[in-house]
Amino acid sequence: MTKLLKITFLGTGTSQGIPVIGSNHPVCLSNDPRDKRLRVSVLISWDEYNYVIDCGPDFRQQMLSNPINHLSGILFTHEHADHTAGLDDIRPFFFRQGNIPIYLDKQVINSFKKRFAYIFDEKNRYLGAPILIINEIKENTPFVIGNKIVHPIKSIHLDLEIFGFKIDDFVYLTDVKKMPDSEINKIKGVKVLVVNALRIEPSPSHFNLSEALDFINKVTPRKAYLTHISHLMGFHKEVERILPKNVHLAYDNLTITI
């Protein structure tokens, strides 16, 4: 019998992480461990499976803090560096277990072929580079990881089309600024929704806090967690106090089960 999903927040920060290098902002100087945020990613585990969504520049550190023996695959939301720059650090898994499946759409594949040519150019692959099994994600086309069905959920990040994912009663979205009603209808009433909330002030490319809360009200999940958080959101403990009862700020190494 398939066990419950275990979700581990590997990172909950925005592209610079918290603390921001060289910043004297009070949140960056906070001693609360919940205010220290690596770049955004989650680990989804059940039975013998371990899948990661996004593989940013902190991936090595995240795997040392949340060790797993086997990486079943990686799902990518989009090609930006804070979601992909850790790709080379999957090599220890590759050396132990062999080829690793990745799930990504065409624009991410094209980006990787340029940025990681030493991995993706089969004729000129660098000795020791990981070998990846490419699975292309397409709009409105569910796919299988392990023994579970994944439904890709399309959204807009500034002017870039990106994907989030619905697995069982869990939905993970990041870097969303807009989402068509047709996609919102696919996720209404889920048990757990994770969605980005960058800061209090508006952003041209991400939900701010009020937009994220409005979006949560449309989806009506039982519980929601906010991620992709910048230092400009404020102190974790203070923001947490003003949120609705079913909404929480996620923080690094938080684990939930569904």
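Just above, that's the structure.
Model, not experiment: these values are computed from the prediction. Note that residues are indexed from 1 along each chain, following the sequence as it is written. For this predicted model, a pLDDT threshold of at least 70 governs which residues receive local features, and a threshold of 80 or more governs which side-chain atom pairs are given and counted, while totals over whole chains, interfaces and linings are taken from all residues. Values shown for side chains rest on all heavy atoms present in the structure; no hydrogens or waters enter the calculation.

### A short note on the environment of isoleucine 216
- When you line up the elements, isoleucine 216 lands in helix α7 (residues 209-219).
- In sequence terms isoleucine 216 and histidine 25 are 191 residues apart; their C-alpha atoms lie 29 Å from each other.
- Discounting residues that sit within four places of it in the chain, isoleucine 216 has contacts with Leu193, Val195, Pro221, Ala224, Leu226 and Val247. The secondary structure listing takes helices from DSSP runs of H or I that are at least 4 residues long and strands from runs of E that are at least 2 residues long, numbered from the N terminus. When checking whether two residues touch, look at their non-hydrogen atoms; a contact exists if any pair is within 4.5 Å.

### Quick word on the sheet that holds strand β1 (residues 6-11)
- DSSP calls a pair of strands paired once it identifies at least 2 bridges connecting them. Taking strand neighbours across the sheet as the criterion, the 7 strands line up as β6-β5-β4-β3-β2-β1-β14 in an open arrangement whose pairing is mixed. Looking at strand neighbours, the two that pair on one side only are β6 (132-136) and β14 (255-257), the edges of this open sheet. Pairs of neighbouring strands in the sheet enclose a mean axial angle of 20 degrees, with direction left out of account.
- For strand β5 (residues 100-104) and β6, the ladder comprises 5 bridges, and the chain directions are parallel. Across the sheet, the residue bridging to leucine 104 is glutamate 136, located in β6. Axis definition: a line fit to C-alpha positions, over the contact stretch in the case of helices; interaxial angles, taken between N-to-C directions, run 0 to 180 degrees.

### Comments concerning the pairing of β1
- Burial within β1 is extensive, with 5 of its 6 residues counted as buried.
- Two strands pair when backbone bridges link them, and β1 and β14 are joined in this way by 3 bridges, in the antiparallel orientation. For lysine 6, the partnering residue across the bridge sits in β14 and is threonine 257. Each residue is assigned to one of three classes by its accessible area relative to the maximum for its type, calculated with a 1.4 Å probe on protein chains only: buried under 20%, partly exposed between the two thresholds, exposed over 50%.

### Digging into the side chain of lysine 177
- Its place among the elements puts lysine 177 in the loop between β10 (170-172) and α6 (181-187).
- Note on lysine 177: relative accessible area 17%, which makes it buried.
- There is a polar contact of 2.6 Å between the side chain of lysine 177 and the backbone oxygen of serine 203.
- Ignoring sequence-local partners within four residues, the contact set of lysine 177 consists of Ile156, Leu158, Ser203, Pro204, Ser205, His206, Phe207 and Glu211. We call two N or O atoms a polar contact when they sit within 3.5 Å, provided that within protein one can donate a hydrogen and the other can accept it, with sequence-adjacent residues counted only if both atoms are side-chain atoms.

### Some thoughts on α7
- Among the residues of α7, those classed as buried are Leu209, Ala212, Phe215, Ile216 and Val219. Looking straight down α7, one finds that the buried residues subtend no more than 125 degrees of arc, so they occupy a single side.
- Those residues of α7 that are buried lie in contact with α6, β11 (192-196), β12 (223-227), α8 (236-242) and β13 (247-249).
- Positive backbone phi, at 50 degrees, marks threonine 220, one or two positions downstream of α7. The arc in question is the one spanned by the directions pointing from the helix axis to the C-beta atoms.

### As for the environment of serine 72
- Within the secondary structure, serine 72 is located in the loop between α1 (59-65) and β4 (73-75).
- With relative accessibility at 7%, the residue serine 72 sits in the buried group.
- Not counting chain neighbours up to four residues away, the residues in contact with serine 72 comprise Glu48, Tyr49, Asn50, Tyr51 and Pro101.

### A look at the sheet that holds β13
- The 7 strands are arranged β7-β8-β9-β10-β11-β12-β13 in an open sheet whose pairing can be described as mixed. The open sheet is flanked by β7 (143-145) and β13, the only strands paired with a single partner. Here the average twist between neighbouring strands, direction ignored, is 30 degrees.
- Bridge count between β11 and β12: 5 bridges; the pairing is parallel. For valine 194, the partnering residue across the bridge sits in β12 and is tyrosine 225.
- Strands β11, β12 and β13 of the sheet are contacted by α7, whose axis makes an angle of about 155 degrees with β11.

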